[in-house]
Protein chains: 2
Amino acid sequence: MTAPRYDVLGIGNAIVDVIARAEDDFLVAQGMHKGGMALIDEARAASIYNAMGPASESSGGSAANTIVGVASFGGRAAFIGKVKDDELGKAFAHDIRAARVAFDVKPATDGPSTARCYIMVTPDGERTMNTYLGAAQDLKPSDIDEATIASAAVVYLEGYLWDPPQAKEAFVKAAEIAHKHGRKVALTLSDSFCVDRYRGEFLDLIRKGTVDIVFANEHELRSLYETADFAVASVALQKDARLAVVTRSEKGCVVITPDAIDAVPAMPIDSVVDVTGAGDLFAAGFLVGHSQGKDHRTSARLGALAAAEVIQHIGARPAVSLKALAAENGLVL
Amino acid sequence: MTAPRYDVLGIGNAIVDVIARAEDDFLVAQGMHKGGMALIDEARAASIYNAMGPASESSGGSAANTIVGVASFGGRAAFIGKVKDDELGKAFAHDIRAARVAFDVKPATDGPSTARCYIMVTPDGERTMNTYLGAAQDLKPSDIDEATIASAAVVYLEGYLWDPPQAKEAFVKAAEIAHKHGRKVALTLSDSFCVDRYRGEFLDLIRKGTVDIVFANEHELRSLYETADFAVASVALQKDARLAVVTRSEKGCVVITPDAIDAVPAMPIDSVVDVTGAGDLFAAGFLVGHSQGKDHRTSARLGALAAAEVIQHIGARPAVSLKALAAENGLVL
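These notes cover the structure that comes with them. What you see is a predicted model; the values in this text were computed from it and never measured.

Cut-offs and rules
- Residues numbered from 1 in each chain as written.
- Chains lettered and ligands numbered in written order.
- Predicted model: local features only at pLDDT ≥ 70, side-chain atom pairs only at ≥ 80, totals over all residues.
- Buried ≥ 20, exposed ≤ 12 C-beta atoms within 10 Å, placed from the backbone.
- Helix = DSSP H or I, 4+ residues; strand = E, 2+ residues; numbered from the N terminus.
- Pairing = 2+ DSSP bridges.
- Axes fitted to C-alpha atoms, helices over the stretch in contact; angles between N-to-C directions.
- Parallel < 35°, antiparallel > 145°, perpendicular 65-115°, else oblique.
- Left-handed = near helix turned anticlockwise from the far one by under 90°.
- Contact = placed C-beta atoms within 7 Å.
- Least-squares fit on C-alpha atoms with pLDDT ≥ 70 in both.
- Nonpolar A, V, L, I, M, F, W, Y, C, P; charged D, E, K, R; others polar.

1. As for the pairing of strand 5 (residues 77-80) of chain A
All names here are of chain A. Here strand 5 shows two buried faces, one formed by Ala77 and Phe79 and the other by Ala78 and Ile80. Examined bridge by bridge, strand 1 (residues 6-11) and strand 5 share four bridges and lie parallel to one another. Among the inter-strand pairings, Gly10 is bridged to a residue of strand 5, identified as Phe79. As defined by bridge partners, strand 5 adjoins strand 6 (residues 101-103) across three bridges and the pair is classed as parallel.

Pasting the structure below:
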């Protein structure tokens, strides 16, 4: 096994976020489930965009946000995902490369446009997402290059990849290659509705060891085990997973291993502006710590730090160097 | 003279801002003049974009920002400017309409893409702009509809319109129509380099009364009269203009009339995040006050309030309702 070239390689839906402020009434009028992610078709995308307020566009995508976070911490990072060669696709590619992430997937030259996620941020800072998958659906197993996968210490996959059928195949192929080369595979459950769609398959991935590290939030964990009891769900996950981290917003997180369920507090902050990217950036911090051999508590603190940064401004990617922020907070990388 | 349908109609370059954080070193390496606006061609645009960091896109354009500010104060507002029917052009049109601004100019179906302004925001909150005019150059006199111009109490024009030759003709046509119908014409000098390019013509517009209200900042005023002495320049403007407002950043502004030069303080704020749009939003507040018959000091306070709001976040348009903000600050509209 050669030394890895990348600390973390992410595979996910390559998405541009279209972010607008909205009142709770707007969500009700539009039939949106607050805090969730709904998949929408092109007609619904046009209808939502038409109804929503002035917006700004910035690169997003769950795993892509995580990978940019890894790079911001100074980690060596790469991303695989599919855009079209349209204006938003070019912006996505620019932004991820400008963040010092290797991104070499060829854009689609025809078919649907680059994926967009219409995000409504309500006054409480909660975000409600509507995703038009567009070109992201064209991520295929042939986009998964064995040499690239083999060169990353951890391959990080988003549960949202289960939505586009070919992307799911690409996911499974990547996981197999990673394990063949002695690398680790991490998965985020992404969203409680996503868990609801693919519960059996996600449990299978975890129980069979296709996945070495599981990231979830409280809602996703409860959905996975179909229980309202967090403690019950945690113990169930402890039986199934080798390593899992469950985030609980301002209550911090728990790191779950076969030996222990260990709570780590969140970083205190003044006020929440926009929670978009909180889970993604938590995973970035944890993965960076993990890839550098830090203990789980330290890795979780790095995750909490990155999550705290991203929820204090609009947008799902860090606005400052996370490496510098970690140093300021006594977490040396 | 019938009652106006709009309080303010803006005419300007329809631009999408591409905003990134940058260190001062980057400006030096790129040969950019900090705080200024440079016109760039497509090749230079590609080169800057390639070199700059991760960015977010949001609708901009000086007069467009002002008009959105007017609408946010509850003013009746319309905008004339040219985009192409590409993704960014659609975003521009969406954003300005979503801000409740009437915008009916047909997008260009061929020719250059929608105008983009690459904005570097340095850690001190200063912005440095590089504008690729693209489709904005296609604004023609035929886009100026007499009935629309006649229906606005004030026509607000940006000095930047002097850059695209046909837009300048459109500017002059609009001013003539406005005066024919007994409306007022306002002009912002836009940028000290812009003033340097068109000093004689701008002075002509002011001295001949083509323009009733002049907006400038300190740098633009000094450039207009080619003097480093603010007092000298102010007295010179007092001789030339009927009504002028000169903004001076944290020093507030002066309202200049034939009878007086009256200083009005800025709104105190905690910290400057991004000064993009400060002058544009100041003009919005002043014009709203003016159109509702407020005295100049009250109008200037509304301007200061709007400027203070926009410099406390990334982006050139208000993030909250300026009408509500004005009410909270005892400035009832």
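2. Considerations on the packing of helix 3 (residues 62-72) of chain A against helix 10 (residues 278-291) of chain A
Residue and element names in this part refer to chain A. In the contact formed by helix 3 and helix 10, the axes pass within 8 Å of each other and the chain directions differ by 45 degrees. As summarised for this structure, helix 3 and helix 10 are arranged oblique, according to the angle between their axes. For the element pair helix 3 and helix 10, the recorded crossing hand is right-handed. Together, Ser62, Asn65, Thr66, Gly69 and Val70 of helix 3 and Asp280, Leu281, Ala283, Ala284, Gly285, Leu287 and Val288 of helix 10 make up the contact between the two elements.

3. Digging into the relation of the copies chain A and chain B
For the pair chain A and chain B, the best superposition has an RMSD of 0.0 Å and corresponds to a rotation of 180 degrees with a translation of 0.0 Å parallel to the axis. Taken together, these values place the two copies in the relation of a two-fold axis. In terms of proximity to the rotation axis, the leading residue of chain A is Glu57 of chain A, whose C-alpha is 2.5 Å off the axis. Taken as a fraction of all interface residues of chain A, those also at the interface in chain B reach 100%, which identifies the copy contact as same-surface.

4. What to know about the interface of chain A and chain B
Taken together, the contact between chain A and chain B spans 19 residues of the former and 19 residues of the latter. Contributing elements (two or more residues each) for the side of chain A that touches chain B: strand 4 (56-59) and helix 4 (87-98) of chain A. No other element matches helix 4 of chain A, which puts six residues into the side of chain A that touches chain B. Tallied by class, the residues present in the side of chain A that touches chain B amount to eight nonpolar, six polar and five charged. Relative to strand 4 (residues 56-59) of chain B, strand 4 of chain A runs antiparallel, the two being bridged by three bridges. Bridging from a neighbouring strand, Ser58 of chain A pairs with Ser56 of chain B of strand 4 of chain B.

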